[in-house]
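Here's the letter readout for the chains.
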Amino acid sequence: MNIRTRLTLLFVLLVALIMLLFTGSVYYFYDQFRQQEFQQRLEERAFTTIQLREDVGEIPRTDLSFMIDEQITIYNDQGLVLYSKGTQRPRFPVSPGLLRRITTRQPQYLRQGDIEAVGVRSQNSRGQSFVIFVSANDRYGFSKLDRLRDLLVVGWLLSLIIAGIAGYLFATDALRPVAELIAQVNSISATNIHERLRVGRQRDELAALARTFNALLSRLEVAFVTQKSFVSHASHELRTPLTVMMGQIEVTRLQPRTTPDYEAALDGLLDEVQNMIRLVNGLLELAQANADAVMLRYQPVRIDELLWQAQSQMTQKKPSYQIDIDFENLPDQEEDLVIMGEESLLQTALQNLLENGCKYSTDEQVSVRIAFEPGEIHLTISDHGQGIPPGDIQHIFEPFFRSENVLTIRGHGIGLALTRRIIDLHQGRIEVESALNKGTTFRISLPTQTNAALRQSALHLTNETHSDNSLDIH
Ligand code: ADP
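Residues numbered from 1 in each chain as written. Predicted model: local features only at pLDDT ≥ 70, side-chain atom pairs only at ≥ 80, totals over all residues. Heavy atoms only, no water.

**Examining the confidence of the model for the chain**
Here is the rule: A residue's pLDDT is the predictor's confidence in that residue, given on a scale from 0 to 100. In this description, contact between two residues means that some pair of their heavy atoms is separated by no more than 4.5 Å.
Mean pLDDT over the chain stands at 87; residues scoring 70 or higher make up 91%. Across residues 464-474, where pLDDT falls below 50, the model places three contacts with residues more than four positions away in sequence or in other chains.

**Quick notes on helix α6 (residues 303-317)**
The criterion, for reference: Only runs of H or I of at least four residues qualify as helices and only runs of E of at least two qualify as strands under DSSP, and these elements are numbered from the N terminus. Each residue after the first adds 1.5 Å to the expected span of a helix. Relative accessibility thresholds used throughout: buried, under 20% of the residue-type maximum; exposed, over 50%; partly exposed, between the two (1.4 Å probe, protein chains only). Throughout, the arc means that of the directions going from the helix axis to the C-beta atoms.
In this model, α6 (15 residues) spans 21 Å end to end at C-alpha, consistent with the 21 Å of a helix rising 1.5 Å per residue. Residues Ile303, Asp304, Leu306, Leu307, Ala310, Gln311 and Met314 constitute the buried set of α6. The buried residues of α6 occupy an angular sector of 160° when the element is viewed end-on, so they sit on one face.

**Things to note about the site of the ligand**
Where we set the bar: Near residues are defined by distance, with any heavy atom within 4 Å of the molecule or strand qualifying the residue. Polar contacts, as counted here, are pairs of nitrogen or oxygen atoms within 3.5 Å of one another; within protein the pair requires one atom able to donate a hydrogen and one able to accept it, and residues that are adjacent in sequence qualify only if both atoms are side-chain atoms. Surface exposure here means Shrake-Rupley accessible area, sampled with a 1.4 Å probe, where a residue is shielded only by the protein chains that are shown.
Not every one of the 20 residues close to the ligand is listed here, only the nearest: Asn356, Tyr360, Arg402, His412 and Leu416. Take asparagine 356: an N or O atom from its side chain is 2.7 Å from an oxygen atom of the ligand. For the ligand, whose unbound accessible area comes to 530 Å², protein coverage reaches 97%. Elements represented by at least two residues in the shell around the ligand include exactly α7 (343-359), α8 (415-425) and β12 (439-447).

**Observations regarding the pattern of salt bridges**
Counted only if it meets this: Any carboxyl oxygen of Asp or Glu within 4 Å of a side-chain nitrogen of Lys or Arg constitutes a salt bridge here.
Applying the stated criterion to the full structure yields 18 salt bridges. In this structure, the salt-bridge partner of aspartate 304 is arginine 302, at a minimum N-O distance of 2.8 Å. Taking the relative accessible area as the measure of exposure, aspartate 304 reaches 11% and is therefore buried. Here the salt bridges do not stand alone but share partners, grouping Asp31, Arg34, Glu116 and Asp138 into one network.

**Examining the layout of surface pockets**
Selection criterion: Every definition here rests on a 1 Å grid over the protein atoms only: cavities are sets of points where a 1.4 Å probe fits but cannot get out, pockets are open sets enclosed by protein on both sides within 12 Å along at least five of seven lines, and lining residues have some atom within 4 Å of a point. Grid points are joined across faces, edges and corners, and a volume is the space filled by probe spheres set on the points. Polarity classes work like this: nonpolar for Ala, Val, Leu, Ile, Met, Phe, Trp, Tyr, Cys and Pro, charged for Asp, Glu, Lys and Arg, and polar for all others, with Gly in that last group.
Within this model, the largest pocket holds a volume of roughly 1,200 Å³. Lining the largest pocket are 44 residues, with Asn352, Glu355, Asn356, Lys359 and Gly411 positioned closest to its centre. A per-element tally of the lining of the largest pocket places helix α5 (residues 259-290) first, with nine residues. Residues of the lining of the largest pocket, tallied by class, amount to 14 nonpolar, 19 polar and 11 charged.

**So, empty space enclosed by the protein**
The full count for this structure, using the stated rule, is three cavities of 30 Å³ or more. A volume near 60 Å³ is recorded for the largest cavity. Secondary-structure elements contributing two or more residues to the lining of the largest cavity are β1 (68-76) and β5 (129-137).

**Observations regarding unusual backbone geometry**
With a phi angle near 50°, glutamate 364 is a residue other than glycine that sits in the positive phi range. Within the secondary structure, glutamate 364 sits in the loop between α7 and β9 (365-373). One non-glycine residue, phenylalanine 400, lies in the positive phi region at around 70°. Along the chain, phenylalanine 400 falls in the loop between β10 (376-383) and α8. The exposure class assigned to phenylalanine 400 is buried, which follows from its relative accessible area of 8%.

**What to know about the sheet that holds strand β2 (residues 81-85)**
Using the following cut-off: One requirement defines pairing of two strands: DSSP has to find at least two bridges between them. A fitted line through C-alpha atoms serves as each axis, taken over the contacting stretch for helices, and the angle formed by two N-to-C directions is quoted from 0 to 180°.
Spatially, five strands are ordered β2-β1-β5-β4-β3 in an open sheet, and the strand pairing comes out antiparallel. Here the strands that pair on one side only, and so sit at the sheet edges, are β2 and β3 (108-112). Averaged over all neighbouring strand pairs, the angle between strand axes comes to 15°, with direction disregarded. Strand direction decides the pairing type here: β1 and β5, joined by seven bridges, are antiparallel.

**As for the packing of aromatic side chains**
To describe a pair of aromatic rings, one takes the distance between the centres and the angle between the planes. Let me state the cut-off plainly: The pairing test for Phe, Tyr and Trp rings, Trp by its six-membered ring, is centres within 6.5 Å, and the orientation test on the planes gives stacked under 30 degrees, edge-to-face over 60, and tilted for anything in between. Look at NZ for Lys and CZ for Arg. If either is within 6 Å of the ring centre and within 35 degrees of the ring normal, a charge sits over the ring.
According to the stated counting rule, one finds seven aromatic pairs in the structure shown. An angle of 90° between the planes, with centres 5.9 Å apart, marks the rings of tyrosine 75 and phenylalanine 133 as edge-to-face. With tyrosine 75 in strand β1 and phenylalanine 133 in strand β5, this pair connects stretches of sequence that are 58 residues apart. Each member of the pair, tyrosine 75 as well as phenylalanine 133, is classed as buried. Through successive ring pairs, a cluster of aromatic residues spans Trp308, Phe327 and Phe372. Seen from the ring of phenylalanine 142, arginine 34 lies directly overhead, with NZ or CZ sitting 4.2 Å from the centre.

So this is what it looks like as structure tokens:
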């Protein structure tokens with residue numbers, strides 16, 4: 001059931017209940033009023049009959065009836081009928097108990113179907129007391145009551161029809177902005193993701209919803225554009241070595257070659273294939289690091305061991321690289337050397353920075369300084385290489401970005417994007433400082449094992465608070 005139908009039905013139900021309460025009370029109070037009025041008339045009739053009997057002695061049976069189906073019966077204290085007027089025998093069984101209950105102050109009211117009766121007690125001048133029962137049919141009163149009931153029922157039904165129409169119009173009007181919002185959202189797709197919903201000047205919940213949706217669209221647009229440029233960069237990076245390889249194969253095949261020529265050509269191809277493997281591995285690692293952080297297996301890792309290992313792997317790969325490691329201070333407790341992390345990812349990040357430092361310096365030298373403070377480990381990786389142009393510093397962590405001054409040196413521009421993602425996953429920070437032709441320094445701060453646990457629980461708390469607030473409409 002859609003909201004409009006639900007709102008209309010609710011509105012009708014509400015009006016139906018209120019009107020039912022109102023018409024019911026009108027009917028009930030009118031019926032009470034009629035009953036009291038008729039009772040009063042019956043009492044008056046009883047007293048005039050007594051008065052007549054007192055004054056005249058005996059009431060002629062032809063005495064005029066004042067009311068419809070009127071019956072008057074007078075009893076003495078012993079329950080004997082002294083006088084009776086009316087065609088039928090007494091309508092109400094009069095027991096001695098009932099007679100006793102009727103006093104001069106307290107008349108009794110009885111009802112049987114449409115016939116109502118009142119019994120009153122009276123005393124004559126000789127001290128004799130009587131009980132007079134007067135019963136009659138309040139036909140006029142009942143017919144007025146029936147008429148009122150019919151009017152109330154018709155009024156009630158009419159009010160329901162009006163409430164139904166009004167509720168439908170009201171719900172349609174109230175939901176019109178929602179329908180417009182739905183139409184606008186439906187018109188946005190991948191081809192026009194830059195478009196935004198009209199917020200309007202209102203400050204209501206729907207405007208807040210439109211603003212929230214626009215913010216979501218902005219985030220999606222950034223992700224979408226980044227994804228698109230990532231795919232086009234990746235294809236370009238993969239196509240370049242493939243084109244080179246194809247060219248080499250075609251040139252080699254132009255004429256018969258000697259074995260050393262073939263060997264040289266194969267070496268060139270091998271070099272390109274290795275280059276492609278490096279790129280594909282880098283892309284895979286970036287995809288893995290971008291996957292949900294929960295999937296990663298964090299374990300305690302000693303930072304000193306990690307560094308020695310990175311140094312030995314780098315120098316094994318390129319013996320000309322020189323990596324100096326310098327401990328500024330050593331922590332008092334061994335646990336201050338330990339961070340919670342995914343060892344292979346941390347290795348990748350460190351090796352990227354060490355390789356860059358060596359690769360972009362003519363002396364192929366990098367110095368690493370490691371400092372400890374309670375709860376945090378600081379790594380400083382510096383080189384005396386060609387540096388990064390000041391305008392490029394803000395872009396170097398973007399995937400595939402490479403500065404103009406390093407284009408002659410092999411690389412794909414994904415190492416630093418991957419490194420930053422890895423550091424983020426470990427709740428760390430990475431900063432860079434560089435001077436052109438003087439050198440570059442990367443600073444990394446990582447929380448130690450104990451601190452990381454604290455930060456993680458704080459992060460959970462913030463996330464929970466955020467998710468709690470996310471349905472609030474301001
Ligand atoms: P790659 O080194 O494969 O080009 P990275 O993502 O590791 O990719 O680095 C991105 C860019 O940042 C490099 O192309 C280079 O312009 C710059 N860069 C990174 N580290 C250094 C460094 N130590 N010295 C000079 N430039 C650097």
